[in-house]
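Take a look at the letters that make up each chain.
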Amino acid sequence: MTPPARAFWLSSPGEGEIREVTLPVPAEGEVLVRALYSGVSRGTETLVFRGGVPESQHATMRAPFQEGDFPAPVKYGYLSVGEVEQGPADLVGSTVFCLYPHQTRYVVPVGAVTRVPAGVPAERAVLAGTVETAVNALWDAAPLIGDRIAVVGGGMVGCSVAALLARFPGVRVQLVDADPARAKTAEALGVEFALPRDARGECDLVVHASATEQGLTRSLELLSAEGTVIELSWYGDRPVTLPLGEAFHSRRLVIRSSQVGTVSPARPGRTYADRLALALELLADPALDALVTGESAFEELPQVLPRLASGEIPALCHRVRYGTSA
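Here is a short report on the structure shown in this document. Just so it is clear, the model here is predicted, and its values are computed rather than measured. (Residues numbered from 1 in each chain as written. Predicted model: local features only at pLDDT ≥ 70, side-chain atom pairs only at ≥ 80, totals over all residues. Heavy atoms only, no water.)

### Side note on the pairing of strand S10 (residues 148–152)
So, step 1. S10 sits mainly inside the fold: four of its five residues count as buried.
So, step 2. In terms of strand pairing, S10 meets strand S11 (residues 172–176) through five bridges, oriented parallel. Bridging from a neighbouring strand, Val 152 pairs with Val 176 of S11.
So, step 3. Viewed along the sheet, the connection from S10 through helix H4 (residues 156–165) into S11 turns out right-handed.
So, step 4. Bridge count between S10 and strand S13 (residues 203–208): four bridges; the pairing is parallel. Counted as the bridge partner of Val 152 is His 208 from S13. (Buried < 20%, exposed > 50% of the residue type's maximum accessible area, 1.4 Å probe, protein only. Helix = DSSP H or I, 4+ residues; strand = E, 2+ residues; numbered from the N terminus. Pairing = 2+ DSSP bridges. Right-handed = clockwise from strand over helix to strand, strands pointing away.)

### Let's talk about helix H7 (residues 272–282)
So, step 1. Looking only at H7, the buried set comprises Arg 275, Leu 276, Ala 279, Leu 280 and Leu 282. Down the axis, H7 shows its buried residues gathered within 160 degrees of arc, on one side only. With respect to the buried face of H7, the exposed residues turned more than 90 degrees away are Ala 273 and Glu 281.
So, step 2. Looking at the buried positions of H7, the neighbouring elements they touch are strand S7 (95–98), strand S9 (113–115), helix H2 (122–125), helix H3 (128–141) and H4. (Arc of directions from axis to C-beta. Contact = heavy atoms within 4.5 Å.)

### Thoughts on the layout of surface pockets
So, step 1. Approximately 180 Å³ is the volume attributed to the second largest pocket.
So, step 2. If you go around the second largest pocket, the residues you meet are Val 135, Leu 138, Trp 139, Ala 142, Pro 143, Leu 164, Arg 167, Phe 168, Arg 267, Leu 278 and Leu 282.
So, step 3. Mapped by element, the contributors of at least two residues to the lining of the second largest pocket are H3 and H7.
So, step 4. It is H3 that contributes the most residues to the lining of the second largest pocket, three residues altogether.
So, step 5. Tallied by class, residues from the lining of the second largest pocket come to nine nonpolar, no polar and two charged. (1 Å grid on protein atoms, 1.4 Å probe; cavity = no way out; pocket = protein on both sides within 12 Å on 5 of 7 lines; lining within 4 Å. Points joined across faces, edges and corners; volume = space filled by probe spheres on them. Nonpolar A, V, L, I, M, F, W, Y, C, P; charged D, E, K, R; others polar.)

### Comments concerning the packing of aromatic side chains
Two aromatic rings, taken as a pair, are described by how far apart their centres are and by the angle between their planes.
So, step 1. The final tally for this structure, using the stated rule, is five aromatic pairs.
So, step 2. Measuring from ring centre to ring centre gives 5.2 Å for Phe 65 and Tyr 100, while their planes differ by 35 degrees; the resulting arrangement is tilted. With Phe 65 in the loop between helix H1 (42–50) and strand S4 (67–68) and Tyr 100 in the loop between S7 and strand S8 (105–109), the pair connects residues that are 35 residues apart, well separated along the chain.
So, step 3. Taking the relative accessible area as the measure of exposure, Phe 65 reaches 24% and is therefore partly exposed.
So, step 4. Pairing Tyr 100 with Tyr 106 gives two aromatic rings, centres 4.1 Å apart and planes at 10 degrees, and the pair type is stacked.
So, step 5. Residue classification places Tyr 106 among the buried positions, given a relative accessible area of 0%.
So, step 6. Taken together, Phe 65, Tyr 100 and Tyr 106 form an aromatic cluster joined through their ring pairs.
So, step 7. The ring centre of Trp 9 lies 4.4 Å from the NZ or CZ of Arg 19, which sits over that ring. (Phe/Tyr/Trp six-rings, centres within 6.5 Å; stacked < 30°, edge-to-face > 60°. Lys NZ or Arg CZ within 6 Å of the ring centre and 35° of its normal.)

### Examining the pattern of salt bridges
So, step 1. Within this structure, the stated rule accounts for 19 salt bridges.
So, step 2. A salt bridge links Glu 295 to Arg 319; the shortest N-O distance between them is 2.6 Å. With Glu 295 in strand S16 (residues 292–297) and Arg 319 in strand S17 (residues 317–321), this pair connects stretches of sequence that are 24 residues apart.
So, step 3. You can call Arg 319 buried: its relative accessible area is 14%.
So, step 4. The residue Arg 307 makes a salt bridge to Glu 312 at a minimum N-O spacing of 3.2 Å.
So, step 5. Put simply, Arg 34, Glu 83, Glu 85 and Arg 105 are held in one network by salt bridges that share partners. (Salt bridge = Lys/Arg side-chain N within 4 Å of Asp/Glu carboxyl O.)

Below, the structure written as structure tokens:
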């Protein structure tokens, strides 16, 4: 027999609930995981919560273990850290990361979990999926020593990119955001901060992650001639207008998309597992704790997610805590 489980479901756009789940008995090659923590990625998950996923993107936006369909009812999420309770002997008792929704216990194939390194606390490991996105973005961007770089948008993904860039030798990196409160986060990550109007220009590279057309416009303005914007924002069903006249062509500017759903072609031979393992190794840096800006109990999710979606609770990554019995 497997123990009972509970999961968070979006019952209709803007409304969520906790549902009871009946788990299968783990088969050979599967593990039973008891959740310790999960993370709410405020950008993507609040967009899903509002019902803002365009119909054309329903298949693309599916999470690995999603149940239901957009807009609702749907069980969605992808930042879960737990302890293996049943499975292969070498995994039982291990702390693992899995791209699973918010659920107290779950059964998945062994290949769906990645062991969390000993030097990474379970509380911080919920950031693995976001740091993995940042790794992929930097594989796409291919920054060089001495580059002048701006990261526009101080959300969860933008801050993760800035934190990794802070380790690059000789780069000038600045986190740019319209919220002055992000200066404290930038300081914790070891990078400069600027409001959009004060940001340094003549950048070789700008990573855009604000999910606003104003941010993307400002990103273009910050580039030097022949510079590149790496676009990480997901706009959902919102149209975006850009000034592609003026000096856009004469300065030979580039806008290039980057999306974690595909491993960067700049790293041939690397797999999704390689990329996630690297992200977990990078989480040994305690400075990344600055990206977790709130925490609540699993049972509170139906009340917390509407407040995250409305902005009443300002957050980068909001951590969900599970009881010892889950």
